[in-house]
Amino acid sequence: MTPLPRWADVVLLPFLNVALAFLIGGLIVLSVGQNPLQAVGIMLYGAFGYGSGFGYTLYYTTDFIFAGLAVSLAYHAGLFNIGPEGQAYVGGLGVILIGLALNGMHWALVFPLMIVCGALFGAAWAFVPGYLQAKRGSHVVITTIMFNFIAVSMMGYIISRILKPEGVNSDESAPLDAITRVPQLRSFIELFKNSPVNLTFFLAIGALFLVYWLIWRTKFGYKVRAVGNNPVAARYAGISTQKTIMVIMALAGAFAAMVAVNNVGGVQGRLILNFVNGAGFVGIAVAFMGKGHPIGVGLSALLFGMLYQGGQELAFQMPGITREMIVTIQALVILFTGAMGDMMRGPLSRMFFQPDAPAGDK
Amino acid sequence: MTGLNPTNEQRSSGAAASALAIELVGINKHFGPVHANKDIHLAVKRGTVHGIVGENGAGKSTLMSILYGFYTADSGTIHVDGVAHKITDSRHALALGIGMVHQHFMLVDNFTVLENVVLGAEDSALLTPTLNRARGHLKDLARDYGLDIDPDAIVGNLSVGQQQRVEILKALYRGAETLILDEPTGVLTPAEADHLFRILGKLRAEGKTIILITHKLREIMAITDEVSVMRQGEMVETLPTAETSPEHLAELMVGRRVLLRVEKGAAKPGKVLLEVENLVVTDDFGTPRVKGVNFQVRAGEIVGIAGVAGNGQSELLESISGMRDQKSGTIRVHGNALKISGDDGADRARSAGLAHVPEDRLRMGLVTKFNAWENAILGYQDSYGEGPALDISAARDAAREYMKKFDVRPADLDLKTANFSGGNQQKLVLAREMERDPEVLIVGQPTRGVDIGAIEFIHNQIIKMRDAGKAILLVSVELDEIRSLSDRILVIFDGQIVGEADPATADETELGLRMTGSHADNVETDPGTLPEHETPVDQTLVEMSPKDNSGRDTN
């Protein structure tokens, strides 16, 4: 099959996939007797139409950017990192430990340390599957999935048995002082009142640039891509595949852990059970829809942020549409952009090349 | 009879004696913007061996794929025995009596010969009746065509030549009257190739028609009755083999005069630059492949290693270049022992002054998804830029210079490497490895799947390196190439150097015998001892899909 022009591959195809997902989602909405156009309107308004909703959208987007980058980074080395969920969760431990240790200090000091400490914890958690893949050949897909489960159990134990202060009923750590928390944008920008979007959002934007630089502008990125595309050629070139795999997995874990800075440091101010809440898994869809490129990851993270925030708004505004239906629509987007992302490629390619191919002579 | 459209003339003059088995009329095929076959006319007479030659990308494989039903032509008709057919798939082609022997065998290694032959042609749910019928049929075929083979042997244990015979049997069992052979001798020893040609001769005598795709002009001269030359998707000329010469054919293929002989002066060997002592190397499964090899390569000489593929050459090259850990023994460059182990050993080998043109450029030498400039620094990436950042403009400058110097076409730094032709990919690899001015150059299969025009250039570059006082170790399965380039020939068999020869005086038959581990007149190779041909699965897949022409080694 003839490859599509780049713009069609990068813009048209994802757009068609999303449109298709919405079309089928619309049919579902229609089947329960609701107006799909009205539903889309509510969704868009809920996500972008007013300050607080937009703030929430950006807050979710922040999570999805980090999780998406965690998957993308590993993907460039040919690894499928299913573990951002667990890596972010364990990263939360690093964030809260440094936060509690320095509780009461100004956020300007604590915020960078939260980044570093969370990154270290997330990196350590992801390093183990990386090590097992590099040295033992244990497939990283399997090990990262298992590490998600281990993270849930381990963190559950740590939170409820160790971090939970006496006299508190719910399973959560002690809270951070207001001055120590990562400041939310509403304290500077009136528009974002009542929304949790915080400084970590800018960290996410910076991370997009950082990843671009790392993958396409550094020697390390060159090696990562060589390993990901052709491990035999990498060995020929004297690039250590083992080292590359271990480093890139640790890096991926560090990026995933930034989800914890956003949530634990910026919103909750404490470590609660299962705070990641599926953001790590959404990151897989984000990375694939964004084709591992930071621009794509940024845009698809925004799309999913919109779906999350707008979907909640929709469930609230249209009682006929339940929470489960929103999840179904989100799942449709993932299905069409991720699992069946190439479904439209064939028809599209024929559309592009059919008319002139047999006759033309170029 | 030499016109572009010989059909009418041939029809009338040929009469019954040379009725056409296959006739292609006005075949056109496009792959996107690539016009792979341009208005092709081809007439193949029944009971002849018809050769098709042409450079990579000339469209030979596409044409044969159309005939075999793998592709459908955009326009044009196919006549089989004078009747026009629209061949839809390979099953249809088989039903019309057209069989194909692929370059890379489509055999199930752990099946017996018999099981392989009936695979896909079982005529009942129970296997036994089919097998019994096939056994009788095979016996007849073996008797008629000299295709002797034990029907109960496991295919994986057979030599390459024997496996090829199984492929031929498969086609004949399905009733093929016309056999297409795609580069059949690429993996064979000279003795096996001779055997194959005897079989082809018998098939011809029995009235079968054979279409032979090859790039070895010598074979065309030896066995074919007529030969068709293709160039850039067009059929240039079809002529009787008796009325042509290799030089003429090469000129037709390339479109200009080509020197088929390598011109070089005498070697002036200097001090020893590369020294290999008692080297033992195992393959990925721990089986020894190189078993105690000793040799030296001096400055200013080319040492060629001749051998049938799979006798340890690959492991030897990979070990010297740091891609494979050595079990024991020493490799010295400039007298310094190389300590190369771990999965980044190749980096240390390069630092020691060793450059390596790998045997399999697609699998090893290039990252095909990278752009040209990215591949131009593969292996040397750490020398571009200080600190963590890659100095992209320096890398691009180097790539631009390499591509200009080695005439890599198109000279597009940002073109994906997969989209270059095989010859241009190889030139890119050669440029990268030669232009860093290494002391020792290890070259594996420098011209595998490379066009005749580019072969000449590549050979001259290697000679130039030699004359500049570098030590060059050359491995090739092309005996001709080894003989014409090398100053000394070492013969490798079963992981050991079994002899040394002077290329000027070496006798081809003698070399061929040594390559198969025999010295006397025991021509037929023993099925058990000949290591099986190594065909990386991924490369086979690339080559099986002719859409991606750049990935094809041979066409």
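Rules and cut-offs
Residues numbered from 1 in each chain as written. Chains lettered and ligands numbered in written order. Predicted model: local features only at pLDDT ≥ 70, side-chain atom pairs only at ≥ 80, totals over all residues. Helix = DSSP H or I, 4+ residues; strand = E, 2+ residues; numbered from the N terminus. Buried ≥ 20, exposed ≤ 12 C-beta atoms within 10 Å, placed from the backbone. Contact = placed C-beta atoms within 7 Å. Axes fitted to C-alpha atoms, helices over the stretch in contact; angles between N-to-C directions. Parallel < 35°, antiparallel > 145°, perpendicular 65-115°, else oblique. Nonpolar A, V, L, I, M, F, W, Y, C, P; charged D, E, K, R; others polar. Pairing = 2+ DSSP bridges. Domains from an automatic or database assignment. Core = buried A, V, L, I, M, F, W, Y, C linked by C-beta atoms within 7 Å. Expected span 1.5 Å × (residues − 1). pLDDT = per-residue confidence, 0-100.

### Describing the overall build of chain B
Secondary structure assignment for chain B yields 19 helices and 20 strands. A burial count over chain B gives 50% of its 555 residues as buried. A separation of at least 24 residues holds for 70% of the contacts in chain B among residues at least 6 apart in sequence.

### Description of the overall build of chain A
A count of helices and strands for chain A gives 14 helices and 0 strands. Each helix (α) and strand (β) of chain A, taken in turn from the N terminus, gives the series α-α-α-α-α-α-α-α-α-α-α-α-α-α. C-alpha atoms of chain A, sized along the principal axes, occupy 80 × 60 × 35 Å. Among the 362 residues that make up chain A, the fraction classed as buried is 52%.

### Remarks on the packing of helix H3 (residues 51–76) of chain A against helix H10 (residues 241–268) of chain A
All names here are of chain A. Running from amino to carboxyl end, H3 crosses H10 at an angle of 175°, the nearest separation of the two axes being 8 Å. Here H3 is positioned roughly antiparallel relative to H10, judged by the angle of their axes. On the side of H3, the interface is formed by Thr 62, Asp 63, Phe 66, Ala 67, Leu 69, Ala 70, Leu 73 and Ala 74, while H10 contributes Ile 248, Met 249, Leu 251, Ala 252, Gly 253, Phe 255, Ala 256, Met 258, Val 259 and Asn 262. Along the lines of polarity and charge, the residues of the contact of H3 with H10 split into 14 nonpolar, 3 polar and 1 charged.

### So, the sheet that holds strand S4 (residues 75–80) of chain B
Think of a sheet as strands paired side by side through backbone hydrogen bonds, with each pair either parallel or antiparallel. Residues and elements named next belong to chain B. The strand order S2-S1-S4-S5 describes an open sheet built from 4 strands, whose pairing is antiparallel. On the outer flanks of this sheet lie strand S2 (34–45) and strand S5 (83–85), each paired with one strand and no other. Strand-to-strand twist in this sheet, taken as the mean axis angle between neighbours without regard to direction, amounts to 25°. In this sheet, S5 lies alongside S4 in antiparallel orientation, the contact comprising 3 bridges. Residue pairing for S5: Val 80 is matched across the bridge by Val 83. Sitting on the sheet, helix H2 (residues 60–67) touches strand S1 (20–31), S2 and S4, and the angle it makes with S1 is about 115°.

### Notes on the domain arrangement of chain B
All names here are of chain B. The domain architecture assigned to chain B consists of domain 1 (1–97 + 215–258) and domain 2 (272–366 + 438–551). The interface of domain 1 with domain 2 comprises 11 residues on the first partner and 8 residues on the second. The set of elements that each furnish at least two residues to the side of domain 1 that touches domain 2 consists of H2 and helix H9 (246–254). Split into classes, the residues belonging to the side of domain 1 that touches domain 2 amount to 5 nonpolar, 5 polar and 1 charged.

### Some remarks on the interface of chain A and chain B
Of the residues lining the interface, 25 residues belong to chain A; the matching set on chain B comes to 28 residues. Contributing elements (two or more residues each) for the side of chain A that touches chain B: helix H8 (219–229), helix H9 (231–236) and H10 of chain A. Top element by residues in the side of chain A that touches chain B is H8(A). It accounts for 6 residues.

### Some remarks on the nonpolar core
Of all hydrophobic cores here, the largest spans 266 residues; its most connected members are A:Phe66, A:Ala67, A:Phe255 and B:Leu67. Of all the elements, H10(A) adds the most residues to this core, at 16 residues. Both domain 1 (1–97 + 215–258) and domain 2 (272–366 + 438–551) of chain B contribute no fewer than three residues apiece to this core. Excluding residues that lie within four positions of it along the chain, A:Ala67 makes contacts with A:Pro84, A:Ala88, A:Ala256, A:Val259, A:Ala279, A:Gly280, A:Val282, A:Gly283 and A:Val286.

### Description of the sheet that holds strand S12 (residues 288–298) of chain B
Residues and elements named next belong to chain B. One open sheet holds the 4 strands; their spatial order is S12-S11-S14-S15, and the pairing between them is antiparallel. Two strands lie at the open edges of the sheet, namely S12 and strand S15 (336–337), each paired on one side alone. In the sheet, strand S11 (residues 272–282) pairs with strand S14 (residues 328–333) via 5 bridges, with the strands oriented antiparallel. Bridge pairing links Val 280 to Ser 328 in S14.

### Things to note about helix H14 (residues 392–405) of chain B
Residue and element names in this part refer to chain B. With 14 residues, H14 extends 20 Å from end C-alpha to end C-alpha; this agrees with the ideal 20 Å at 1.5 Å per step. On its buried side, H14 packs onto helix H13 (372–375) and helix H15 (422–434). Residue Asp 407 follows H14 closely and has a positive phi angle near 55°.

### A short note on the packing of helix H7 (residues 200–217) of chain A against H8(A)
Residues and elements named next belong to chain A. Two elements in contact, H7 and H8, have axes separated by 5 Å at closest approach and are oriented at 70°. Between H7 and H8, the angle is such that the two are roughly perpendicular. Of the residues in H8, those in contact with Leu 214, Ile 215, Trp 216 and Arg 217 of H7 are Phe 220, Gly 221, Val 224 and Arg 225. Taken together, the residues of the contact of H7 with H8 sort by class into 5 nonpolar, 1 polar and 2 charged.

### Structural notes on unusual backbone geometry
Residue and element names in this part refer to chain B. Residue Pro 410 is bonded to the preceding Arg 409 through a cis peptide linkage, with omega at -5°. Mapping Pro 410 onto the fold places it in the loop between H14 and H15. The phi dihedral of Asp 81 falls on the positive side, at around 55°, and the residue is not glycine. Summarising the element assignment, Asp 81 is placed in the loop between S4 and S5.

### Quick word on the confidence of the model for chain A
Overall, the predicted model of chain A reaches an average pLDDT of 91, with 96% of residues at or above 70. Counted against residues more than four places away or in other chains, residues 355–362 of chain A, with its pLDDT under 50, gives 6 contacts.

### What to know about the environment of A:Val95
Residues and elements named next belong to chain A. Tracing the chain through its elements places Val 95 in helix H4 (residues 84–101). Considering only alpha carbons, one finds Val 95 and Phe 121, 26 residues apart in sequence, at a separation of 8.5 Å. Among all residues touching Val 95, those that are not within four sequence positions of it are Met 114, Cys 117, Gly 118, Ala 260, Val 261, Val 264 and Gly 265.

### Some details on the pairing of strand S10 (residues 234–240) of chain B
All names here are of chain B. For strand S9 (residues 226–231) and S10, the ladder comprises 6 bridges, and the chain directions are antiparallel. Bridging across to S10, Val 229 finds its partner in Glu 237. Counting the residues in the hairpin turn of S9 and S10 gives 2 residues, including Gln 232, whose phi is positive at 50°.

### Comments concerning helix H10 (residues 313–320) of chain B
Every α-helical turn comprises 3.6 residues, leaving residues that sit three or four positions apart pointing alike. All names here are of chain B. Most of H10 is tucked away: 8 of the 8 residues are buried. When we look at burial in H10, the residues that qualify are Gln 313, Ser 314, Glu 315, Leu 316, Leu 317, Glu 318, Ser 319 and Ile 320. After H10 finishes, the residue Gly 322 shows a positive phi value of roughly 85°.

### Things to note about the pairing of S4(B)
Residue and element names in this part refer to chain B. Bridge count for S1 against S4 is 5 bridges, and the pairing is antiparallel. If you follow Ile 22 over to S4, its bridge partner there is Val 80. What sits between the antiparallel neighbours S4 and S5 is a turn of 2 residues, in which Asp 81 has the positive phi angle 55°.

### Some words on the environment of B:Gln162
Structurally, B:Gln162 can be placed in helix H6 (residues 160–173). For the pair B:Gln162 and B:Asp148, spaced 14 residues apart in sequence, the C-alpha to C-alpha distance is 8.9 Å.

### Some details on the environment of B:Asn37
All names here are of chain B. Mapped onto the secondary structure, Asn 37 falls in strand S2. Along the primary structure Asn 37 and Gly 57 are separated by 20 residues, whereas in three dimensions their C-alpha atoms are 9.9 Å apart. Asn 37 has contacts with Ile 27, Asn 28, Lys 29, Gly 59, Thr 62, Leu 63 and Gly 233, leaving out every residue within four places of it along the chain.

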